[in-house]
Structure formats: C-alpha cells, structure tokens
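Here are the chains, one letter per residue:
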Amino acid sequence: MSDKAVYPVPESWAKNALIDAATYEERYRNSVEDPESFWATEARRIDWIKPFSTVKNTSFAADDFRIKWFEDGTLNLSANCLDRHLADKGDDIAILWEPDDPENEARSYTYRELHEETCRFANVLKAHGAKKGDRVTIYLPMIPEAAIAMLACARIGAVHSIVFAGFSPEALGGRIDDCTSDLVITSDEGLRGGKHIPLKANVDEALEHHAKDVSTVIVVRHTGADIAMKEGRDVWWHEAMKGQEPECEPEEMNAEDPLFILYTSGSTGKPKGVLHTTGGYAVWTSMTHEYTFDYRRGEVYWCAADIGWVTGHSYVVYGPLANGAITLMFEGVPNYPDFSRFWQIVDKYQVAQFYAAPTALRALMREGDDWVTRTSRKSLKVLGSVGEPINPEAWEWYYKVVGDSRCPIVDTWWQTETGGHMITPLPGATALKPGSASMPMFGVQPAIVDNDGKVQHGATEGPLVITDSWPGQMRTVYGDHERFIQTYFSTFPGNYFTGDGARRDEDGYYWITGRIDDVINVSGHRMGTAEIESALVLHEKVAEAAVVGMPHEIKGQGIYAYVTTTAGTEDSDELRAELIKWVRREIGPIATPDVLQFAPSLPKTRSGKIMRRILRKIAENDTSNLGDTSTLADPGVVDDLIANSPQTN
Ligand code: PRX
C-alpha cells in the first residue's frame, strides 16, 4: 500500500468486529449495486408505525430533481430513541452528564427517566401551543435538558432549530427570524471552563431587535444566576414541568416530514437553514453510529461535540439513543480544571468510544504527554476524529499516547448537509493511514471530478462530489429550495458538490484536502468568509473587507481579515481592537479575526473583482509564487500588502 504508515486491522479486532474487511466489501458492493434491498434491510433497525413500501426515490438531475427515502413510511424518532427501549432497556443508562466543574454534581438518566422527562416537556410545549411543523429554537448549553428539548420536539413533530450557545444575540436573532419560530428554549446561563455565559440575557437582547413573534421563552434554571424574567413571555422550565403527565403520545410522522433545521455557513450570503427529515436521517445516524464505533450494548460512548453543531445532533443524541446506547454529555472544556480533564472523564465513566475534533487534540498535545499518561484509559476501544482534517502528527499522538497504540482511529469525514458519516474507516475493517478518512460508508458513492465535472478514475485529486443520494442527506434549505439546488447541484450537474477537495491514492483511500470554496474551518467550526466580511462592513469606519483563512497550529485555520477603512479614518491599533470586538459582537467569539490588517486598497482585477487567491497566499506567507498578477488593476497594491502583513514579516 502507498502513503507511508499503514496500521493494519489488529487480529483481535478482525475476529470480533461488527463489520470486518470481507463484510465491508460485500455490503458496500450490495449497497451501491442494489440500494433498494440494502436499505430495506438496514431500515429495519428503526421501528416504523406504518412500514414503507418504497425505499429510494431520488434523482440529482436538474429536470427531475427529487430526494425521497422510505417516503410512504411513518415513524416517530423520539419513540425510536425512547419508548421502544423501555421493555428491555428501561433501567439502562441513556445519558450520563458530567458538569463543567468536577466538584459539581453529575447527573444521569435511565431510558425510563429520559422517556418521562421528554413526555413531560413535550406536554409543556403543547401547552404553549407548539404543534407539528412549528419551529422551536433551542439555545442551550450542554445539559441534559438540551437532549430532552430535542426529543420533545421530535415527539410532537415540532422542528427544532438549535443555535450554538456561543453565538451572539445578533446571530441568534437572525436565525430565529429566518425560521419564524415563536418559541425559544434557553437557560439562565451556560458554564464553560468556569466562565459564565449570559444565555438568557443574550436571548433578551436578540428579542429586542428581532423575532417580534416570539411569544414564549422557556428558561432552564442551571447556574441559579439572577436573571430578568419578562412577565407573560418567560417561563421557568421547572415550573412549567410541574403537574405535567409523564406520558405523551408520539406524533405519527411521515418519513419525509422535517425533523430539524440547523444553520450552517456557506461561501455566500447568510447562513442557511439545513433541513433534515425524519426517516432517512434516523436510519443513517443509527447505522453509522453502530458501525463506525462498533458500538455494543452497555458500552459508554462519548462524543465531545456540542449539541449546537451537527455532530451533537447525530452523535450525542439521535444516533446513540436510537441504538439504546449510553451517551455521555460533557458540559465543559478539555483544559479545565486542568489538561487531564478528558482522560479523567474517560476513566471515571469507563468510556469505550471517544469522539472529538483535532483542534482539541492539538491543544492538548502541546501541553505534553504527562497529562494523558497519568490516567489509565484502559476502557478505550475506538477513538474518533471529526470536523476538520487531522494532521498526521496529531493523529500519531492520538493513536500512540491517548490510545496506547491499541485503539483504531476513525477519522470521519462528513458535513452538516450529509447528516452523518460519509467517508470513514470502520475499526474492524479498514487498515489505517494517518490523515486519511479512507473509505466510503455503505451507500456513499464519492467521486473526484475535473473542473468540467468529468469523473476521474484511479489515483487523482480534485473537487469531491457524491454521485447518488443516501438516506441521511439534507432535503432543502429552509425556505429557499432554489438555493439548495443552486448551492449543491449546479456546480457539477447531476452530482452533490461537497465544497471540499480530495485526493484518492492508489489504494482507493480518500484524503480530504479541505474546502475549495470561500468557507474556512476554524477549530472544526465552519465559517463563511462572506459572513465575517458582511459583519465588518456594517461598521461605519469600514469601507471594504476581505477575509481569508490562514494556517493556524491549533485551530487548523485562523481568520485573516483585510480591511479598507473609509476616507479620513485613521488606521490605529485602537480601531483594530474595536473592529475585532465588533465581529465578536455581530457573530460570536468563534468568528474573532486572528489577524486584522489595514489595507489602503485591495488587489482587484480591472473589472473590480477582489483577487482572493493573492490574499490567501499572503495570509499563508507563501508569496514566492503569486501566480498570474497581470490582470491586476494596480499591481503595486500587492507589494504594499506584503510589506505590511504580520505573516510575511
Ligand atoms: O471541510 C470538511 C470539514 O468540515 C466540513 C463540514 O463542516 P460542518 O458542516 O460544520 O460539519 C462538521 C462535522 C461533520 C467539511 O466540508 N471536515 C469534516 N470532517 C472532516 C473534515 N475535513 C477533513 N477530515 C474530516 N474528518
């Protein structure tokens, strides 16, 4: 095999795995040659109220576009995550919750308890007028109530829209407006690394300028902070729950009824509401959770992602709970109270599968091995990576130091849009190459195309597309189906375009090379450069802004902003600090520019188009070969930018 280090599947794994190499080959072939039979079988992992009679009704062709899976089947995903486990797993743990501060009390819920709480809260939602099809916004920290709120929405057929609790009031307000939700669920505060985050105050601020339709705000008392409650609008979760019945009949949902909306950044415009539906998503998340992590009953599984991102939706809540798993939720951060925190939690709960983003691993790696090696980690069986490319150095550290060279690493490539894992090793089936997401999941048909969309064979590199539908695929952009088609199916007609580039080696392994559009990936969080630019130009002293990614040792990519100020404005350090603060306020701390360079002018073509390629090169400190600059209106601009860039000096 090519591409340096290869870790073969250990003998013990090959013998006992849910999916070994031969099974993978056979089932993968079946999944693409006969999707009808493959998915009819896999879909049995879900309890259907009314069984489906058709499996796949999909086409990516422009004149015949449709994506429907199991379309005449009905089900309820909350019932699949709860009710059906009660008979034989009612007393099994469903959720283990570890607080930010290890001195605070941990909590846990059995499936029976989670079912009761979910039913009670579903009744609360109903009492406040929420019904099937209504949008409910959730702005909560990593506490069990977040999962309960999601499951309660799914139970009554309301469509949840979770907004990451790190987003600003402005960003929250925009998302509430876009999906016109009139009910918001939040908590008094969030707690991360000992820092208090004023979530309820953020909601209040968002509702001052936006979302005039919001009639109800349900507030979880979490830290006990003193907060303002608005008469007639705000209600305490614990008070609303009082006297509610612990039973609530699950709504019968069609397979293609919406389950949730999740906003994500693209290369243009405002974040878009990615809409997932019920049946296909249920099958996809359940199947991928089981196979990718080789999950077995009784194992403690921990995905360290926040429920504000798709990873939290699919792999903290829906996938694991549909499988009757024990899912661990952690409120805090990897470095509080100290750098051993993750591994102490692994030991405390005897975690078998651990799933996190490379950015956290790189940050911990920098602190030295001792924080890891002083803990046992004997319980670990599979390690997962998600959200961004993992560099081979971090991979090796994860494998050798965290996993004691014992645990396969599943480097899972996927997206908010894909609902679940698309390209990933399976621990008992795939020899590992550090840095490669390796092989496609069942039913996934990746292809690498040339710039004209022609599929390339063999070892090659280029834009990554998926040629046929899979059950977990997003179905539309909420409220803008045209944008859905335009964004994903127009670049390479007939294919889903991922926005990523990839390389395929001689062994057929995929290596994701990163985004090839104007999206950057900061600490595993996806940011649209256009979004940050829009935020900057809202400032009265900014005439123009261009944002690109730059290499960052810990975050993977950092944010580099070039800003042209308005005539007469003096470019000062104070203004720089003010603009950085401004972006944090407009979007949230995750959008904080790492570098903000004042640029008297930006490199433009004669037709006025900013040449972002050149800005990227400067941000990467790779100015030896800037490519063709002959079309620049004023080539002198580039020298000036290079002379004043902190990257190149
Ligand atoms: O560029 C890819 C990167 O993250 C993008 C998707 O981001 P988001 O929708 O926020 O979903 C993150 C959680 C799945 C992709 O287009 N990405 C995600 N996983 C990987 C990755 N890049 C390389 N390797 C991965 N394992």
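For every chain, the first residue of its written sequence is number 1, and the numbers climb from 1 along that sequence. At least 70 in pLDDT is required for a residue's local features to be given in this predicted model, at least 80 for side-chain atom pairs to be given and counted, and no such filter applies to totals for whole chains, interfaces and linings, which use all residues. Each side-chain value is worked out from all heavy atoms of the structure, with water and hydrogens disregarded.

For the protein, the name recorded in an unreviewed UniProt entry is Acetyl-coenzyme A synthetase, with Croceibacterium atlanticum as its organism. UniProt positions are given in the numbering used here, feature names are shortened, and annotations may be inferred rather than shown by experiment. Quoted straight from UniProt, the Sequence similarities (unreviewed entry) entry for the protein says "Belongs to the ATP-dependent AMP-binding enzyme family." Per UniProt, the protein carries the Cofactor (unreviewed entry) text "Mg(2+)".

1. Some thoughts on the domain arrangement of the protein
All domain edges in this entry derive from an automatic or database-based domain assignment. Its domain assignment divides the protein into domain 1 (11-79 + 257-477) and domain 2 (523-644). The straight-line distance from the C-alpha centre of domain 1 to that of domain 2 is 34 Å. We call two residues in contact when some of their heavy atoms are within 4.5 Å. At the interface, 17 residues of domain 1 touch 13 residues of domain 2. Summed over both sides, the interface between domain 1 and domain 2 buries roughly 1,100 Å², with carbon and sulfur atoms accounting for 49% of that surface. The term buried area means the drop in 1.4 Å probe accessible area that two parts suffer when joined, counted for both and summed.

2. Points about the packing of aromatic side chains
Note on aromatic contacts: the rings of Phe and Tyr and the six-membered ring of Trp form a pair at centre separations within 6.5 Å, being stacked when their planes are under 30 degrees apart, edge-to-face when over 60 apart, and tilted otherwise. Under the defined criterion, the tally for this structure stands at 45 aromatic pairs. Arranged with centres 6.1 Å apart and planes meeting at 75°, the rings of tryptophan 39 and tryptophan 69 form a pair that is edge-to-face. With tryptophan 39 in helix H3 (residues 35-42) and tryptophan 69 in strand S2 (residues 66-69), this residue pair connects regions lying 30 residues apart in the sequence. Take tryptophan 69: its relative accessible area is 0%, and that puts it in the buried class. Here the aromatic cluster, defined as three or more aromatic residues joined through ring pairs, consists of Tyr24, Tyr28, Phe38, Trp39, Trp48, Phe52, Trp69, Phe70, Trp284, Tyr291 and Phe442. Cation over ring: arginine 45 sits above tyrosine 291, and NZ or CZ is 5.4 Å from the ring centre. Secondary structure is summarised from DSSP: a helix means a run of H or I of at least four residues, a strand means a run of E of at least two, and numbering begins at the N terminus for each. Each residue gets one of three labels from its accessible area relative to the maximum for its type: buried under 20%, exposed over 50%, partly exposed in between, using a 1.4 Å probe on protein chains only. Whether a charge sits over a ring depends on NZ of Lys or CZ of Arg being within 6 Å of the ring centre and within 35 degrees of the ring normal.

3. Concerning the nonpolar core
By nonpolar core is meant a set of buried Ala, Val, Leu, Ile, Met, Phe, Trp, Tyr and Cys residues that side-chain atoms within 4.5 Å join together. By size, the foremost hydrophobic cluster in this structure holds 146 residues, and its most contacted members are Phe70, Phe121, Leu125, Ile185, Tyr318, Phe354 and Phe442. Broken down by element, this core gets its largest block of residues, ten residues, from helix H7 (residues 144-156). With near-sequence residues (within four places) excluded, phenylalanine 121 lies in contact with Ile148, Ala149, Ala152, Ile185, Ile218, Trp237 and Met241. Val184, Leu199, Val203 and Trp309 belong to the second-largest nonpolar core, a separate cluster that totals 40 residues.

4. So, the environment of glutamine 647
Positionally, glutamine 647 belongs in the segment after helix H21 (636-644). Between the C-alpha atoms of glutamine 647 and glycine 384, which are 263 residues apart in sequence, the distance is 33 Å. If sequence neighbours within four positions are ignored, glutamine 647 has contacts with Met550, Tyr560, Ile618, Ala619 and Asn621. Here alanine 619 takes part through its backbone oxygen, which lies 2.7 Å from a polar atom of the side chain of glutamine 647. Whenever two N or O atoms come within 3.5 Å, that pair is a polar contact, provided that in protein one can donate a hydrogen and the other can accept it, and provided that, for residues adjacent in sequence, both atoms are side-chain atoms.

5. Overview of the packing of helix H20 (residues 612-619) against H21
The contact between H20 and H21 brings their axes to 10 Å, and the two run at 25°. Taken together, the axis directions place H20 and H21 in an arrangement best described as roughly parallel. The chirality of how H20 crosses H21 is right-handed. In this structure, H20 uses Ile614, Leu615 and Ile618 to contact H21, whose residues at the interface are Val638, Leu641 and Ile642. In this classification, the charged set is Asp, Glu, Lys and Arg, the nonpolar set is Ala, Val, Leu, Ile, Met, Phe, Trp, Tyr, Cys and Pro, and all remaining amino acids, among them Gly, are polar. A class-by-class count of the residues in the contact of H20 with H21 yields six nonpolar, no polar and no charged. The convention used is that axes are lines fitted to C-alpha atoms, helices contributing only their stretch in contact, and that angles between N-to-C directions extend from 0 to 180 degrees. Oblique is the label for every angle not falling under 35 degrees (roughly parallel), over 145 degrees (roughly antiparallel), or within 65 to 115 degrees (roughly perpendicular). Take the far helix as the reference: if the near one is turned anticlockwise from it by less than a right angle, the crossing is left-handed, and if turned clockwise, right-handed.

6. A word on the site of the ligand
Neighbouring the ligand are 16 residues; Asp411, Thr412, Thr416, Asp500 and Arg526 lie closest to it. Within the contact set of the ligand, an oxygen atom lies 2.8 Å away from a side-chain nitrogen or oxygen of arginine 515. For the ligand, the protein covers 95% of the area, taking 540 Å² as the surface of the free molecule. Summary of the distance rule: residues count as near a molecule or strand when at least one heavy atom falls within 4 Å of that molecule or strand. In these tables, accessible area is a Shrake-Rupley quantity obtained with a 1.4 Å probe, and a residue counts as shielded only by the protein chains included in the view.

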